[in-house]
Amino acid sequence: MLRVVVCVSGGGTNLQAVIDGVKAGSIRNTEIVRVISNNKNAYALQRAEENGIAAVCVCPADYVSREVFHQALLAAVEEAEPDLIVLAGFLVVIPQEMTARYRNRIINIHPSLIPSFCGTGYYGLRVHEAALERGVRLTGATVHFVDEGTDTGPIILQKAVEVKEGDTPEVLQKRVMEEAEWKILPQAIDEIAGGLIEIKDGKCRRTDQ
Ligand code: GAR
C-alpha cells in the first residue's frame, strides 16, 4: 500500500477526486493516511473528516517564525510516515529540508501546461487570469514532482483544455479542474503506486514502455 499524505489550503476538490479514486478503485494500492492544511477554514478539512481521514491543521500564524512553522509542517508529515506527499492546492512554498528529505516523493498539481503560467506568483485563479490575458487557445493542467524550484520538477502527466470565447477566469478554472486536474492527479497517484513512473536524467519515464 502506498501511504499518501495530501496537503491542502482551500476547497479541496482535488483532494475529493483522490478520495473518490481510492474508493472507486481507480487509484489502486493506495491509502490516504493524513490530510494537512495550513488554513483552519479550508473546506478540504471537512472533506477529510466526512471521509474518515485524519486531518491536521498546521497554521503559520500559530508559530513564532517561518522556521518554526516549517519544523511543525515537517513533523506533521513525518508522523504519518508517507511514501508519497500530494500537494493538492497547497499554497505554501515547500521548505528545502522537506524537498531534500522526500526527494522524488512529493507531487504537485498545477493548473496550466508547464512551463506556461507557472512559477512564483502563479497560483489558483491568477493562473487562469494570466492565460486569458495572453489569449492562449489551449491551457490545461500538469502533475509534476516537486524539487527546490517553483513548478520546476519532472513532469509526470499533462492534459490540455480548450479556452472558449467569453471565458472568465472562474469559468476556465472550473473547466480545467473538471477536464484535467481531477483526472490526471488520481491517474498520476495510481501510476506511482503501480511502480510505473521512474525519473531518469531529470525527466519522468514510464517503466512499462
Ligand atoms: C487547483 O486549481 C490547483 O491546481 C491549484 O489550486 C487549486 C486548488 O483547488 N494549485 C495551484 O495553483 C498551485 N500552484 P482545490 O482546493 O479545489 O483542489
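Residues numbered from 1 in each chain as written. Predicted model: local features only at pLDDT ≥ 70, side-chain atom pairs only at ≥ 80, totals over all residues. Heavy atoms only, no water.

Some remarks on the overall build of the chain
Scanning the chain from terminus to terminus reveals 6 helices and 9 strands. Taken over C-alpha atoms, the radius of gyration comes to 16 Å for the chain, in line with the 17 Å a tight globule of 209 residues would show. Summarising its shape, the C-alpha atoms of the chain cover approximately 45 × 45 × 35 Å along the three principal directions. A fraction of 62% describes how many contacts in the chain between residues 6 or more apart in sequence connect residues 24 or more apart. (Helix = DSSP H or I, 4+ residues; strand = E, 2+ residues; numbered from the N terminus. Rg over C-alpha atoms; globule rule 2.2 N^0.38 Å. Contact = heavy atoms within 4.5 Å.)

Considerations on the packing of aromatic side chains
Any pair of aromatic rings gets described here by the distance separating the centres and the angle formed by the planes. Here the structure, examined in full by the defined rule, presents 2 aromatic pairs. With 6.2 Å between their ring centres and 45° between their planes, Tyr63 and Phe69 make a pair best called tilted. Judged by its relative accessible area of 29%, Tyr63 is partly exposed. Of the residues examined, Phe69 reaches a relative accessible area of 0% and is grouped as buried. (Phe/Tyr/Trp six-rings, centres within 6.5 Å; stacked < 30°, edge-to-face > 60°. Buried < 20%, exposed > 50% of the residue type's maximum accessible area, 1.4 Å probe, protein only.)

Digging into the site of the ligand
Residues in close proximity to the ligand total 14 residues, the closest being Gly12, Thr13, Asn14, Gly124 and Glu181. With respect to the ligand, the side chain of Thr13 contributes an N or O atom lying 2.6 Å from an oxygen atom. In the environment of the ligand, an oxygen atom lies 2.7 Å from a nitrogen or oxygen atom belonging to the side chain of Glu181. For the ligand, whose free accessible area comes to 450 Å², the fraction covered by protein is 91%. Contributions of two or more residues to the shell around the ligand are made by helix H1 (13–24), strand E5 (106–110) and helix H6 (169–193). (Near = heavy atom within 4 Å. Polar contact = N/O pair within 3.5 Å; in protein donor to acceptor, adjacent residues only side chain to side chain. Areas by Shrake-Rupley, 256 points an atom, 1.4 Å probe, with all protein chains shown as cover.)

Brief notes about the pairing of strand E6 (residues 138–145)
Of all 8 residues making up E6, 7 are buried, and the element is well covered by its neighbours. Bridge analysis of E5 against E6 gives 4 bridges, and the strand direction is antiparallel. What sits directly across from Ile109, in E6, is Val143. Sheet analysis places E6 next to strand E7 (residues 155–162), joined by 7 bridges and oriented antiparallel. Pairing of His144 across the sheet is with Ile155, part of E7. (Pairing = 2+ DSSP bridges.)

Comments concerning the nonpolar core
Among the nonpolar cores identified, the biggest contains 41 residues, and Val6, Val86, Ile107, Ile156, Leu185 and Ile189 are the most heavily contacted of them. The greatest single-element share of this core, amounting to 9 residues, is contributed by H6. (Core = buried A, V, L, I, M, F, W, Y, C linked by side-chain atoms within 4.5 Å.)

Comments concerning the side chain of Ser112
Tracing the backbone through its elements, the reader meets Ser112 in the loop between E5 and helix H5 (125–134). In this structure the side chain of Ser112 is engaged in a polar contact, spanning 3.2 Å, whose partner is the backbone oxygen of Phe117. In contact with Ser112, not counting residues within four places along its chain, are Phe117, Cys118, Val127, Thr139, Gly140, Ala141 and Thr142.

Focus on the state of the cysteines
Covalently bonding the sulfur atom of one cysteine to the sulfur atom of another cysteine gives a disulfide. In the structure shown here, the tally under the stated rule is 0 disulfides. The closest cysteine sulfur to the non-disulfide-bonded Cys57 is located on Cys59, 5.3 Å from its own sulfur. Residue class for Cys57 comes out partly exposed when judged on its relative accessible area of 32%. As a non-bridged cysteine, Cys118 has Cys204 as the owner of its nearest cysteine sulfur, 15 Å distant. Classification of Cys118 as buried rests on a relative accessible area of 19%. (Disulfide = S-S within 2.5 Å.)

Focus: unusual backbone geometry
With an omega of 20°, the peptide bond between Ile114 and Pro115 qualifies as cis. Within the fold, Pro115 resides in the loop between E5 and H5. Positioned with a positive phi, Asn104 is a non-glycine residue whose angle comes to about 60°. Here Asn104 lies in the loop between helix H4 (96–101) and E5. In this structure Asn104 comes out as partly exposed when scored by relative accessible area, which is 40%. For Asp201, which is not glycine, the phi torsion reads 50° and is therefore positive. Along the chain, Asp201 turns up in the loop between strand E8 (197–200) and strand E9 (203–206). Under the relative-accessibility criterion, Asp201 is labelled exposed at 70%.

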